[in-house]
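Residue-level structural notes
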Amino acid sequence: MTAWTADRIPDQHGRIAVVTGANSGLGLVTATELARHGAHVVLAVRNTVAGEEAARRIGGDVEVRELDLASLDSVRAFAAGLAADHPAVDLLVNNAGVVLLGPRRTSADGFELQLGTNMLGHFALTGLLLDKLAAAREPRVVSLSSITHKNAHLDFDDLMFERDYRASPAYGRSKLATTVFGVELDRRLRAAGSPVVSTLAHPGLTRTNLTPRAWEHRGRFGQLIAWVGLLATQSVEQGALPQLRAATEPGLRGGRFFGPSKLWETRGRVTDARLSREAADPAVGKQLWAAAEELTGISYL
């Protein structure tokens, strides 16, 4: 079977695509390819200066809007502004994320920062934009998972990891939560008869700027670890292909999950990826959804 590449993305003219974290890494590649194929791309970024620089690099039909997923006030402001200017949104790529391997940190709303940014911020954003997505033709939401979700576990008695905090498991937990969200979103959209489709993707081990940043707190030793880690990763252009396929392949059913095909889903051509048992569990999905609604104050579906 021929490998899936960005050249297989169909014409995107007339479509409005929102990409979170679009100023670097996977988000930048995703935004670039969507714009190259004709979409109007909204770069939803925390740092608008970096966002404007990314917009200049991308060219095409793009705009930059401020979005800090670690702040529910920022999420609400972004969604309100976007909705005021765009009657429909065709595609939401929930790409942005943080990897923190230092001490425990919290978001503006008091959430453990990785869970708050990677999952809860996107949960809120998706809910606030759902009506605009439903107004579009063939609308889609893409959630960015990680292979780290496979070894993670959600502790609903300590979802914010306040006890015995460890950064690496906390990251895995945040990506498991993101994955559970994408799967549960699909279930609820189908049950509601919504036209919106929820798909998922993960990049395997990919060379982005998140790896060096994650080890900054370890000084020179951290730099060495980050450098060794980069040698084992695939290019960001290759790593972005699963989410680009999840975002653009025509006729996808909800719940499709894409990732690399080789070496335990760490690299290689795009194929269907495997969910962990916990990620696919409807009971876990229902429980996480209820927790997210309570934490964010945003209810939908």
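Structural data are supplied above this passage.
Below or above, wherever it landed, is the structure these notes cover. (Residues numbered from 1 in each chain as written. Predicted model: local features only at pLDDT ≥ 70, side-chain atom pairs only at ≥ 80, totals over all residues. Heavy atoms only, no water.)

**Remarks on the overall build of the chain**
For the chain, the helix and strand inventory stands at eleven helices and eight strands. Its C-alpha atoms give the chain a radius of gyration of 18 Å, near enough to 19 Å, the size a compact globule of 301 residues would have. Judged by the C-alpha coordinates and their principal axes, the chain covers about 50 × 40 × 40 Å. Looking at the chain as a whole, 57% of its 301 residues qualify as buried. For the chain, contacts bridging at least 24 residues in sequence account for 72% of all contacts bridging at least 6. Entry remark: accessible area of the chain is about 13200 Å², with carbon and sulfur atoms responsible for 50%. For the chain, the distance from the average site of its 34 positive side-chain charges to the average site of its 32 negative ones is 7 Å. (Helix = DSSP H or I, 4+ residues; strand = E, 2+ residues; numbered from the N terminus. Rg over C-alpha atoms; globule rule 2.2 N^0.38 Å. Buried < 20%, exposed > 50% of the residue type's maximum accessible area, 1.4 Å probe, protein only. Contact = heavy atoms within 4.5 Å. Areas by Shrake-Rupley, 256 points an atom, 1.4 Å probe, with all protein chains shown as cover. Lys, Arg positive; Asp, Glu negative; His and termini not counted. Charge placed at Lys NZ, Arg CZ, Asp CG, Glu CD.)

**Some words on the packing of aromatic side chains**
In this structure the tally under the stated criterion is six aromatic pairs. Ring geometry for Phe123 against Phe181: centres 5.6 Å apart, planes inclined by 65°, an arrangement best described as edge-to-face. Of this pair, Phe123 sits in helix H4 (residues 113–134) while Phe181 sits in helix H5 (residues 167–192), placing them 58 residues apart in sequence. Ring geometry for Phe123 and Tyr300: centres 5.0 Å apart, planes at 40°, overall tilted. In this pair, Phe123 is assigned in helix H4 and Tyr300 in the segment after helix H11 (282–296), connecting sequence segments 177 residues apart. Each member of the pair, Phe123 as well as Tyr300, is classed as buried. Among the aromatic side chains, those forming a connected cluster through ring pairs are Phe123, Phe181, Trp289 and Tyr300. The aromatic ring of Phe161 is capped on one face by Arg173, whose charged end is 4.2 Å from the ring centroid. (Phe/Tyr/Trp six-rings, centres within 6.5 Å; stacked < 30°, edge-to-face > 60°. Lys NZ or Arg CZ within 6 Å of the ring centre and 35° of its normal.)

**Describing helix H3 (residues 72–85)**
Spanning 14 residues, H3 covers 20 Å between terminal C-alpha atoms, matching the ideal 20 Å at 1.5 Å per step. Buried positions along H3 lie against strand S1 (16–20), strand S2 (40–45), strand S3 (62–66), H4 and H11. (Expected span 1.5 Å × (residues − 1).)

**Topic: the pattern of salt bridges**
Pairing is possible between side chains of opposite charge, provided their charged atoms come close. Under the defined criterion, the tally for this structure stands at twelve salt bridges. We note a salt bridge from Arg188 to Glu184, for which the minimum N-O separation is 2.7 Å. Taken together, the positions of Arg188 and Glu184, both in helix H5 and four residues apart, correspond to about one turn of that helix. A salt bridge links Asp272 to Arg256; the shortest N-O distance between them is 2.8 Å. Note that Asp272 is positioned in strand S8 (residues 267–272) and Arg256 in the loop between helix H9 (241–248) and strand S7 (257–262), a separation of 16 residues in sequence. Ionic contacts of the salt-bridge type, sharing partners, join the residues Asp7, Glu33 and Arg36 into one network. (Salt bridge = Lys/Arg side-chain N within 4 Å of Asp/Glu carboxyl O.)

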